[in-house]
Structures are given as structure tokens and as C-alpha cells.
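Structural overview for review
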Amino acid sequence: MDNLELLRAVILLVGWPLLIVGALYIFYNAYNFYKAVNSTPIAKLVPIFAITTIITMISLGLVSTYYMMSDLEDGVRHVLPIFIIWFVLMMLILIYSHRMDKKALRYNDLLIALDRSKSDFITISSHQLRTPLSGIKWITELLLANKIIIETSEIKEKINNIHHSTDKMLALISNLLYIVKLDTGKMVIHKTEFDIVHTLTSIINQLTPNSEKNNQTIKLINNISQEVLIKSDKTLIEEIIKNITSNAINHGSKNSEIKVTLGMDEGKKNHLEISINNQGEVIDKHRMTNMFERYSREEATGSIGEVGGLGLYIARSFARLINARIEVCSDNISGTTFKIKLH
């Protein structure tokens, strides 16, 4: 009996301190790992796994303690082998978790460095590409403005195509730079007061040449007043509206009208709603779930940009930065409507 009591005392005096120290060590390592790599999905699983392990160990300790206290002989005889196995496993977990943590953090540092190199490469390449493209755009604008040089409609059409392609390339480069800023957290918000009606008119004027290629017209409908002042980041709002309107042009039917409507949000007081409506192919529910992803793909073709792509991803990301929301609905009767809800 004395030997059994001694064994019980050893199990309790060794087991519980080791259990407490081990639980704290596992939780501490899991927390540090989460802080170091919280941008990865596995970072969320590690603390959950650690907490689950700790709860399981404490529950096992409580059951074993109660069993040994209520029935000394059977309790010690059954708990002792479990305790020995648990003790060995606990020591192995502590040793190997320390080693694996070091490796995981080292690999994470390498991934961060690789991601930084990727972002730097995109930024430098984009700036290098923008310079010659801006020069080409400037030359085409000069040629289009000079009626003497452009003698035939065929030449004018080709220069227009060059000008249009240059605009698309410059827009793509801008989108790549925006994505780098979003990924690195370097997107800064600058709030200023501006007239949203004037902004909408300016954007429509910029995008009208693109819509005219499809014989589309863009109509602004202002249901509030001639001047609506808001305080937000003008650049981000312009990009949101421009990207969604460009998407409406690209996916809208030819010889149709695109309606840009400014009104009050019926659901919330003092909130504006900008809706952009086009008539075209209906977006089904499956495509609508991933259309705001960075590179949404159409499963049937495997191509990027059928619905979504960089433009809509950037629009949603910018909307989140300024606490705005983007909603979309699509049917055969009303067409496709994007609603931008702003303060």
C-alpha cells in the first residue's frame, strides 16, 4: 500500500507540474508562431491545435487524478503505464516542437524575402514599362490631333487602335502597382472633400471613347442634386467607379446603354449609392461567388478575366479600405447592376 501511495505521489508531483509547464510552453510557442506567420492559413490552425491538445491533456490529468484518489490500487495500476507513455510523448513533443518552430520561422523568413523580391520586381518592371508606353501614348495623341498627317480613315483607325492598346497596358500596369501596395500594406488613405457628381462626369468622359467602340452610350442619372460633396479618398473612389464601369463596358451588349445612377442608399441614412447597370450576359450564381477574386477563372474555358480579374478585385479591396460596400445582382430583365454604397 505504501508503494502504491508513493507511486501515486510521484505521478501527481511529476505529472501536474510537467502538464502545466508543457501546456504553457505549447501555448507560448503557438502564439509566437501565429504572430510570426499570421498571414498564412496554417497560422490559424496552429493555436486551435495547441488549445485542443492542452484541453485534452488537462482532461486526461483530471480523470487520472480522480481515478487514483477514488481507487488507489486499480487507479495506480492503470494510470502508471498511461503516465509513462504520456511522459515520454510529452518530452518528445517539447523537444521536436522547439526544433520545428525554428525551421518553420526560418522558412517563413525565406518566403517573406521571396514575396518582397516579387513585389520589388513587379514595381520596378511596371515603372520601366510605363515610361515608353507613356511616350507612345503622347505620340498617338499628337498624331490624332494633327488632321494634316492623318489623310485616310484607315490610318486614323490604326493610330486609334495603338492609342487604345496603350491605354489598356497603362491601366494594367497601374493595377499591378495597386496590387503590390495592397499586398504590402502600403496603401495610404488621403481623405479630401470633393464633388462626386463632377467625379462621375469626369470618369464617364474618360471612358466614353472605349464605349463608343461597341456603339454603347454611358448615361449619368443624378437623383440627388447638381452638387454632392463627400469626404473620402478621391483616388480610391475614382478607381472603384472606373474599374466597375470598364467592366460594364467590356461585358455589356453592343448598341446598348450603360446607366450610372447616383442616389441615396435606401437601407442607410446619409449613405450614397452609385449603381452601374448594363445589359448583357447574365452572371450566374456560381460565377458571382468568385468574380471579386484576384484572378477569377471561367471553368468552361479556363481563361482569366471572363468575369472579375484585376479590376473587380482592386475595386472590392479599395472599397473595404474606405468602409464602402459593393453589391451585385444580375437577371434577364434588369441586366447586371453593381451598387457601390458610400458614406
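Residues numbered from 1 in each chain as written. Predicted model: local features only at pLDDT ≥ 70, side-chain atom pairs only at ≥ 80, totals over all residues. Heavy atoms only, no water.

1. Here's the deal with the pattern of salt bridges
Counted under the stated rule, the structure contains 5 salt bridges. One salt bridge connects D74 with R77, and the closest N-O pair in it is separated by 2.5 Å. A residue pair is termed a helical-turn pair when its members lie 3 or 4 positions apart in one helix, as D74 and R77 do in helix α3 (residues 72-145) at 3 residues. Take D74: its relative accessible area is 26%, and that puts it in the partly exposed class. Since its relative accessible area comes to 48%, R77 is described here as partly exposed. Two residues, E327 and R325, come together in a salt bridge whose shortest N-O distance is 2.5 Å. (Salt bridge = Lys/Arg side-chain N within 4 Å of Asp/Glu carboxyl O. Helix = DSSP H or I, 4+ residues; strand = E, 2+ residues; numbered from the N terminus. Buried < 20%, exposed > 50% of the residue type's maximum accessible area, 1.4 Å probe, protein only.)

2. Comments concerning the packing of aromatic side chains
For any two aromatic rings, the description comes down to two numbers: the centre-to-centre distance and the angle of the planes. What the rule picks out here adds up to 3 aromatic pairs. Between F83 and W86, the ring centres sit 6.2 Å apart and the planes meet at 35°, which makes this aromatic pair tilted. With F83 and W86 both in helix α3, this residue pair falls 3 residues apart, about one helical turn. Residues F83 and W86 agree in their burial class; the two are buried. Between F83 and F87, the aromatic rings sit 6.1 Å apart at their centres with planes inclined by 35°, giving tilted as the arrangement. Of this pair, F83 and F87 both sit in helix α3, separated by 4 residues, roughly a single helical turn. (Phe/Tyr/Trp six-rings, centres within 6.5 Å; stacked < 30°, edge-to-face > 60°.)

Purely geometric stuff here, so don't read any function into it on its own.
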